[in-house]
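Summary of structural features
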Amino acid sequence: MKIIDRSDFTALISELIAEDPREVVGVQADGDGYVFDSLESASDLAFEYDLTRLSPKKYVMPQRETLLTYRRDAGAADYEMRAEADPTGRIIVGVHPYDLAAIRQLDKIFIDTLHDEPYRRKRENSVLIGLTMQDVADTCFAASMDTASIESGYDLMVTELDDEFAVDIGTFEGDQLLESVPTRNATSEEIDRVETIETDLEAEFERGLDFPPAELPSLLEASYDDMDFWEAYAEQCLSCGTCNVVCPTCFCFSVDMVRELDGDSGRQERRWDGCLLEDFATVAQGENFREEVAQRHRHRFMRKGWYIYERYGDIACVGCGRCTAHCVAGVADPCEVYNELREAQHA
Ligand code: SF4
Ligand code: SF4
């Protein structure tokens, strides 16, 4: 672990903004909240934020992106197709551990399993500078999901210590980033202090799962047919899909063919989709496999706590609390739903 002066860290971010060809994005105050956005100045960075509206997922899996383009000369019979894979990476500063954990899950799915080239190129050209949490959102339950601190998944992990920062180096690229600024090795007291900050943070969480997340798959499997439970929750749901959109681990997408009016060119686009939206499970001929809100509602919680675990080995909720914060109907909260299900099973 290294120690870097606050002024040198600021100088490093300023240098990256000025000289690195990649866009530097970071957490900034925006009205009454926080967002990840393009950084114009290192002084805009927020270090004591609780939760951003959207996660940095939007940089590695954009809300819309072109997968292929096609074109033919006017009157020609054949089209020329071209695969597209936007390689634009960014330097992303100030990522909390739960969002790093979410990107680690996406890496496993898109790079290790699906070999998705557009995702891989953006991800491999990106740099993740993590930030130890100092403030906890009311809706966040990351500590109980084991994502309030993290040991990997970042290039650099920064912890604020008064006028200095402790920096844990996660990758070779992270190490190289530090080359242009003075650093020194952390003392054992400073390393202990970082650990104490992480441990003390756990006491700041006002809510959490009442049981280990590892019990979720069996809990959900046993609850699948309890439609009274799912219908009671779904009664208030507006099927707006907001809980899907704000989630750092949701990765479902739709693919559309967009044809230009000339008839000779077009593109294939993918865009975020959400399992709470009414048409999500509609297939050809209009058949909808999850026509009822309760079915879609149940599916979302099953997928987060059971299906994804079965397939990829991760519980697909990192406990950020964004879905809870943004659901106007107040029925998107996995912590509440899972705790109630568990209580009902043990009643
Ligand atoms: S649970 Fe809430 S955020 Fe999600 S679709 Fe229903 S109303 Fe919208
Ligand atoms: S389900 Fe909700 S709390 Fe869990 S990761 Fe997604 S947005 Fe965060």
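What counts and how
- Residues numbered from 1 in each chain as written.
- Chains lettered and ligands numbered in written order.
- Predicted model: local features only at pLDDT ≥ 70, side-chain atom pairs only at ≥ 80, totals over all residues.
- Heavy atoms only, no water.
- Helix = DSSP H or I, 4+ residues; strand = E, 2+ residues; numbered from the N terminus.
- Expected span 1.5 Å × (residues − 1).
- Bend = angle between axes of the 7 residues up to and from the residue.
- Buried < 20%, exposed > 50% of the residue type's maximum accessible area, 1.4 Å probe, protein only.
- Salt bridge = Lys/Arg side-chain N within 4 Å of Asp/Glu carboxyl O.
- 1 Å grid on protein atoms, 1.4 Å probe; cavity = no way out; pocket = protein on both sides within 12 Å on 5 of 7 lines; lining within 4 Å.
- Points joined across faces, edges and corners; volume = space filled by probe spheres on them.
- Nonpolar A, V, L, I, M, F, W, Y, C, P; charged D, E, K, R; others polar.
- Domains from an automatic or database assignment.
- Contact = heavy atoms within 4.5 Å.
- Buried area = accessible area lost by both parts, 1.4 Å probe.

On to helix α3 (residues 97-113), then. Look at α3: 23 Å from first C-alpha to last across 17 residues, which is about the 24 Å you get at 1.5 Å a residue. At Asp 107, α3 shows its strongest bend, of approximately 25°. Most of α3 is tucked away: 13 of the 17 residues are buried. Positive backbone phi, approximately 50°, marks His 115, located one or two places after α3.

Below, the discussion takes up the pattern of salt bridges. Where charged atoms from two side chains of opposite charge approach closely, those side chains can pair. Tallied over the full model, the rule gives 26 salt bridges. Of the charged contacts, one joins Arg 64 and Glu 269 as a salt bridge, the two residues approaching to 2.9 Å between their closest N and O atoms. Here Arg 64 is found in strand β4 (residues 64-71), whereas its partner Glu 269 is found in strand β12 (residues 265-272), with 205 residues between them in sequence. A salt bridge links Asp 162 to Arg 193; its shortest N-O distance comes to 3.1 Å. On the criterion of sequence distance, the pair formed by Asp 162 in the loop between β8 (156-161) and β9 (164-169) and Arg 193 in helix α6 (residues 188-201) is long-range, its members being 31 residues apart.

Rolled over the atoms, a probe sized like a water molecule indicates the empty space that remains. For the structure on display, the rule yields 7 cavities of 30 Å³ or more. Cys 250, Phe 251, Cys 252, Arg 303 and Lys 304 are, among the 13 residues lining the largest cavity, the residues nearest its centre. If you tally residues by element for the lining of the largest cavity, the top one is helix α10 (residues 293-312), at 4 residues. In terms of residue class, the lining of the largest cavity is built from 6 nonpolar, 3 polar and 4 charged.

Moving on to the domain arrangement of the protein. For the protein, the assigned domains are domain 1 (1-65 + 77-206) and domain 2 (209-347). The gap between the C-alpha centroids of domain 1 and domain 2 is 26 Å. Listed by partner, the interface residues are 34 residues for domain 1 and 37 residues for domain 2. The contact between domain 1 and domain 2 buries some 3,100 Å² in all, and 59% of this surface belongs to carbon and sulfur atoms. When the buried area of domain 1 at its contact with domain 2 is split by residue, Gln 105, Phe 141 and Met 145 rank highest and sum to 20% of it. Connecting domain 1 to domain 2 are 5 salt bridges. In this structure, the salt-bridge partner of Arg 270 is Glu 65, at a minimum N-O distance of 3.1 Å. With 10 residues, the top contributor of residues to the side of domain 1 that touches domain 2 is α3. Here the residues of the side of domain 1 that touches domain 2 are counted per class, giving 17 nonpolar, 8 polar and 9 charged.

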